[in-house]
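Understanding the architecture of this molecule
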Amino acid sequence: MKVLVINAGSSSIKYQLFEMPEQKVLAKGVLEKIGEENSVLSHKTDDKTVQFTQPIQNHELGMQLITKILTDPKIGVIKNIAEISAVGHRVVHGGEKFTGSCLITKEVIDAIQEYADLAPLHNPPNLTGIKAATAILPNIPQVAAFDTAFHQTMPKYAYIYGIPYEYYEKYKVRRYGFHGTSHRYVARRAAVLLGKNKTEANIITCHLGNGCSITAVLAGNSVDNSMGLTPLEGLVMGTRAGDIDPGLIFYLAERLQLSIPQITQILNKKSGLLGISGISNDVRNLLEEADKGNERAKLAIDVFCYRVKKYIGAYMAVLGRTDAIVFTGGIGENATSLREKICDNLDWFGIILDRELNAKTQRIEQCISAPESRVKVFVIPTDEEARIAFDTCEIATKLNNKKI
Ligand code: ADP
């Protein structure tokens, strides 16, 4: 079965075509700058990468271009779009309604629309992607995989904020948690590597990419995640602030006469590693600058690692017995010196890194803790698209079996 996985942003569509159940990627790519004169499509197959620049006005035309490339006689990987059996969509906010991936129906679309209020930057473009894919591939199952779904097992005391309860009752203001597809995927892989059933494994998963979050997984279920009502809470990220004193917002508003949109922009786009360093949101640049002696680059890295370490300690207290810590995402998979800094001086917690092995490990699945470490430390490259393809394949297969 061929499954197309779509991750639609406001001006981009990322896609991967999978052969399932083998999880083989036949082709993948990204269409960027939708709505501009110079939209760019980069398309990759096993043996080549091609790039096209042409104006693409909207997501539906973008989907048309993507399916055209996938079926192109020269560079395509399928002959006809009818070979695609199902489409899986990444959807950021599923509110309290969705505890797993599901077939997209009118009710599901309405719910995604309803939660757009809570994820204004993500849910509307996700919906646009769903509509564009449905317009081009109308007769096959379209499946939604929600970033929030894995975290719906959080206990109430972990997701209720210390504010008047009526805001939860009336407006569903609570912690939701994000990056669920990634946390679930690496937690399942870690259980396999531990040789345990998923329900026997207690794991802390650190997704450190441009966005960063950390999850406490107790007996296979998410019981806490550092992101909250929105993906702004928790760890220090590329450009997002993470945890701050809410009082800081009022201070900035009054002292600098800043508006809510201005403060939103500062906390989402101008903070984090970029804000502290004043140089870059990219750890690679910061490491280079820190090496040259730049104090602010060094400080940004220190703040980042300290926050991750603090959350690991907190989540160990939440879990009690902790079997493993997982690093994933662009930073988690690659930034060896940051992993070392985060795990430094945690011997007393039973976390001892094999420094040499850690220094050698990038972008591969590997245990990087020393043999005597009570808590195993793993690097596990995340694969959100494969997980979405898996769920989509499962739902489409069940649907087909029902029809038969
Ligand atoms: P996203 O959250 O957008 O999916 P990624 O998970 O790809 O992002 O993470 C991107 C970040 O990973 C980059 O901004 C960079 O900070 C970090 N990164 C990628 N490669 C390396 C590397 N070799 N060394 C250190 N950091 C890296």
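The coordinates are above.
Each value, and the rule that gives it
Residues numbered from 1 in each chain as written. Predicted model: local features only at pLDDT ≥ 70, side-chain atom pairs only at ≥ 80, totals over all residues. Heavy atoms only, no water. Helix = DSSP H or I, 4+ residues; strand = E, 2+ residues; numbered from the N terminus. Contact = heavy atoms within 4.5 Å. Near = heavy atom within 4 Å. Polar contact = N/O pair within 3.5 Å; in protein donor to acceptor, adjacent residues only side chain to side chain. Areas by Shrake-Rupley, 256 points an atom, 1.4 Å probe, with all protein chains shown as cover. Nonpolar A, V, L, I, M, F, W, Y, C, P; charged D, E, K, R; others polar. Salt bridge = Lys/Arg side-chain N within 4 Å of Asp/Glu carboxyl O. Buried < 20%, exposed > 50% of the residue type's maximum accessible area, 1.4 Å probe, protein only.

Mapped onto the fold, Gly 275 is located in helix α9 (residues 272-277). Remark: the alpha-carbon pair of Gly 275 and Arg 240, spanning 35 residues in sequence, is separated by 8.5 Å. In this structure, Gly 275 is in contact with Lys 270 and Arg 296, ignoring residues within four places of it in sequence.

Taken together, Gly 209, Asn 210, Gly 211, Asp 282, Val 283, Arg 284, Gly 329, Gly 330, Ile 331, Asn 334, Ala 335 and Gln 362 make up the full set of residues adjacent to the ligand. The contact in question runs from a nitrogen atom of the ligand to an N or O atom on the side chain of Arg 284, over 3.4 Å. Here a nitrogen atom of the ligand sits 3.5 Å away from a polar atom, N or O, in the side chain of Asn 334. Out of a free accessible area of 580 Å², the ligand has 71% covered by protein chains. Those elements giving two or more residues to the shell around the ligand turn out to be α10 (283-291) and α12 (329-334). Counting residues per element, the shell around the ligand draws most heavily on α12, which supplies 4 residues. Of the residues belonging to the shell around the ligand, the class tally is 3 nonpolar, 7 polar and 2 charged.

All right, on to the pattern of salt bridges then. The full count for this structure, using the stated rule, is 21 salt bridges. Note that Asp 323 is salt-bridged to Lys 196, the shortest N-O span being 3.7 Å. Residue Asp 323 is located in the loop between α11 (295-319) and β12 (324-328), and its partner Lys 196 is located in the loop between α6 (180-194) and β9 (203-208); the two are separated by 127 residues in the primary sequence. Looking at Asp 323, the relative accessible area reads 9%, which means it is buried. Measuring nitrogen to oxygen at the nearest pair gives 3.5 Å for the salt bridge that ties Arg 355 to Asp 344. On the criterion of sequence distance, the pair formed by Arg 355 in helix α14 (residues 355-360) and Asp 344 in the loop between α13 (336-343) and α14 is long-range, its members being 11 residues apart. Residues participating in the shared-partner salt-bridge network are Glu 96, Lys 172 and Arg 174.

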